[in-house]
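Residue-level listing of the chains:
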Amino acid sequence: KMVTAIDWVPGKYGILAAAYSETKPFDERLQVSGRPSNSYSLIWCFSDPIHPKIILESSSDIFSLRFNPKKTGLVAGGCYNGQVILWDVSVAEEQIGMKCTENLKCVQEQEENTRKAPLLTCILLSSAAKSHTAVVSDVRWLPSGLQVEGNQRIVRRYSQETSILVSIAADGKVIFWDISQMNQIDTKLETADEMQTSEISFEKHSWDPVLQIDLSMKTPHRQLGPLKIVFSGDSHFFCGTEKPMFVSRSAEGYLTCGYWSPSRPGVIYIGLADGRMEVWDLLDHSHQPSMVVSVSSCQVTCMEFCTSCKFGF
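Residues numbered from 1 in each chain as written. Predicted model: local features only at pLDDT ≥ 70, side-chain atom pairs only at ≥ 80, totals over all residues. Heavy atoms only, no water.

**Observations regarding the overall build of the chain**
Keep this limit in mind: The way it works is that DSSP assigns letters per residue, a run of H or I at least four long becomes a helix, a run of E at least two long becomes a strand, and they are numbered from the N terminus. Between buried and exposed lies partly exposed: a residue is buried under 20% and exposed over 50% of the maximum accessible area for its type, with that area taken using a 1.4 Å probe on protein chains only. Exposure was quantified through the Shrake-Rupley algorithm and a 1.4 Å probe, taking into account, for residues, occlusion by the shown protein chains and nothing else.
On a plain count of helices and strands, the chain comes out with three helices and 27 strands. Looking at the 313 residues of the chain, the share that counts as buried comes to 47%. If you sum the accessible surface of the chain, you get close to 17,000 Å²; carbon and sulfur atoms cover 51% of it.

Here it is as structure tokens:
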């Protein structure tokens, strides 16, 4: 399997969530589309890279992950089938006593012989009819205090809560989801072995958007829409929406992902299929990368900055 998305747990050192997907071609995915199948994302602590701490179950492969910066127990995901999903891992964290100190020593309050990671089902799942019609390529939480009013206007309130989630996909839709009014649902915590024989109904977790913006560009033969701030093509990347503001020179390999630096304007990190990473500083020179680093023997599928950690990625 390939890693499709990662995100660091805010304020905790050495703990991250990772989503995985089968490396199936489009034709095979099309044949199994619509059939019930489960996918799993894992939460890891770096002190024990063999055993995952928490397992998150979903009805479709996850291609984007994001922890709530204020309520760090809430993690949102974007699905391959276009739906948006939400888990609450706070109950599992309390039960297994997962803590991670600054020197990455994970403290497990449970007994050492208990290796079964708790498996969590979602507490919210977006309505399929009102979700994206393409893979959800990115999800982001809006800053604290921003809310959507009944007239579909985004306003700022005096609140420290982060309750608005934004999802984006190639169908051209930017959809806003609100969790401020969600019901207090008990998160059912079971082990993976017990859940293998359980039937899970996701229909009870219906979740409708509060705002939708359509940015799609339709042509007779294709439909275009924004995926992220940084776009990547076969051998070059460009920045912009409808009209590119910048187009890079052709790279030696296939580009797989790209991210802006969270602290340095004009710095972009690009992942390649041959395992290299390019660092571009557009304020310095835009005709070539400032640095090229070999980070893996296989393709770089996703990158994420750890803004709350002392180290970078």
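**What to know about the sheet that holds strand β12 (residues 136–141)**
As a reminder of what qualifies: Each pair of strands is called paired provided DSSP finds at least two bridges between the two strands. Orientation is described by axes fitted as lines to C-alpha atoms, over the contacting stretch for helices, and by angles from 0 to 180 degrees between their N-to-C directions.
An order of β12-β15-β16-β18 is seen for the four strands of this open sheet, with the pairing classed as antiparallel. Each end of this open sheet is capped by a strand with a single partner; those strands are β12 and β18 (211–214). Direction aside, neighbouring strands of the sheet carry axes that sit 15° apart on average. Pairing of β12 with strand β15 (residues 164–169) involves five bridges; the strand directions are antiparallel.

**Some remarks on the nonpolar core**
Inclusion rule: Here, nonpolar core means buried Ala, Val, Leu, Ile, Met, Phe, Trp, Tyr and Cys residues that are tied together by side-chain atoms lying within 4.5 Å of each other. Here a residue-residue contact requires only that any non-hydrogen atoms of the pair lie within 4.5 Å.
In terms of nonpolar packing, the biggest core is built from 21 residues, with I43, L56, L65 and W87 touching the most fellow members. When contributions to this core are tallied by element, the ones reaching two or more residues are β2 (15–21), β3 (39–45), β4 (54–58), β5 (62–67), β6 (74–79) and β7 (84–88). Once residues lying within four places of it in the same chain are set aside, the contact partners of L65 are A5, I6, D7, A17, A18, A19, V75, A76, G77, W87 and V139. Within the second largest apolar cluster, 14 residues are counted, among which are L74, A76, V136 and I175.

**Focus: the sheet that holds strand β24 (residues 255–260)**
Ordered by their spatial adjacency, four strands build an open sheet running β24-β25-β26-β27, and the pairing between neighbours is antiparallel. Strand pairing shows two members of the sheet lacking a second neighbour, β24 and β27 (291–294), which therefore form its edges. Ignoring which end each strand starts from, the neighbouring axes of this sheet average 20° apart. Two elements, strand β26 (residues 276–281) and β27, share four bridges in a ladder whose sense is antiparallel. Residue pairing across strands places E278 opposite V292, the latter belonging to β27.

**Notes on the packing of aromatic side chains**
Just so we agree on the cut-off: To pair, rings of Phe, Tyr and Trp, with the six-membered ring standing in for Trp, must have centres within 6.5 Å; the planes then decide the type, stacked if under 30 degrees apart, edge-to-face if over 60, and tilted in the middle.
Applying the stated criterion to the full structure yields three aromatic pairs. Between the aromatic rings of W8 and F46, the centroid separation amounts to 5.5 Å while the plane-to-plane angle is 75°, which identifies the pairing as edge-to-face. One end of the pair, W8, is in strand β1 (residues 2–8); the other, F46, is in the loop between β3 and β4, and 38 residues separate them in sequence. A residue is classified by how much of its surface remains accessible, and W8, at 8% relative accessible area, is buried. Ring geometry for W177 and W207: centres 5.4 Å apart, planes at 50°, overall tilted. Here W177, found in strand β16 (residues 173–178), pairs with W207, found in the loop between α3 (192–195) and β18; they are 30 residues apart in sequence, far enough to count as distant.

**Brief notes about the pattern of salt bridges**
Side-chain pairing between opposite charges can occur once the charged atoms of the two side chains come close. Condition: Put simply, a salt bridge is a Lys or Arg side-chain nitrogen that is within 4 Å of an Asp or Glu carboxyl oxygen.
Counting across every chain of the model gives nine salt bridges. The salt bridge partner of K1 is E22, with a shortest N-O separation of 4.0 Å. You can see K1 sitting in the segment before β1 and its partner E22 sitting in the loop between β2 and α1 (26–32), a full 21 residues away along the chain. By relative accessible area, which is 65% here, K1 ends up exposed. Judged by relative accessible area, E22 falls into the partly exposed class, the value being 35%. Between D208 and K130 there is a salt bridge, with its nearest N and O atoms 3.6 Å apart. Here D208 is found in the loop between α3 and β18, whereas its partner K130 is found in the loop between β11 (124–125) and β12, with 78 residues between them in sequence. Here D208 falls in the partly exposed class, since its relative accessible area comes to 39%.

**Focus on the environment of V292**
Residue placement: V292 occurs in strand β27. It is 9.7 Å that separates the C-alpha atoms of V292 and Y269, two residues lying 23 residues apart in sequence. When sequence neighbours within four positions are dropped, the list of residues in contact with V292 reads R276, M277 and E278.

**Notes on the pairing of β24**
When β24 meets strand β25 (residues 267–272), the two strands line up antiparallel, connected through five bridges. Within the sheet, the bridge partner assigned to G258 lies in β25 and is I270. In sequence, β24 turns back onto β25 through a hairpin of six residues, with G266 there showing a positive phi of about 90°.

**Topic: the confidence of the model for the chain**
Condition: The predictor's confidence in any single residue is recorded as pLDDT, a number from 0 to 100.
Residues with a pLDDT of 70 or more make up 69% of the chain, whose mean pLDDT is 75. Within the model, pLDDT remains below 50 along residues 108–113, and this stretch shows eight contacts once partners closer than five positions in the same chain are excluded. Of the regions scoring below 50 in pLDDT, residues 184–204 engages in 34 contacts with residues more than four places distant in sequence or in other chains.

**Comments concerning the side chain of S167**
The following threshold applies: Between N or O atoms, a polar contact is any pair within 3.5 Å; within protein, one atom must be a potential hydrogen donor and the other a potential acceptor, and residues adjacent in sequence are included only when both atoms are from side chains.
Examined against the element boundaries, S167 turns out to sit in strand β15. With relative accessibility at 0%, the residue S167 sits in the buried group. Among the polar contacts made by the side chain of S167, one reaches the side chain of H132 at a distance of 2.8 Å. If sequence neighbours within four positions are ignored, S167 has contacts with V84, H132, V136, D138, V139, K173, V174, I175 and W177.

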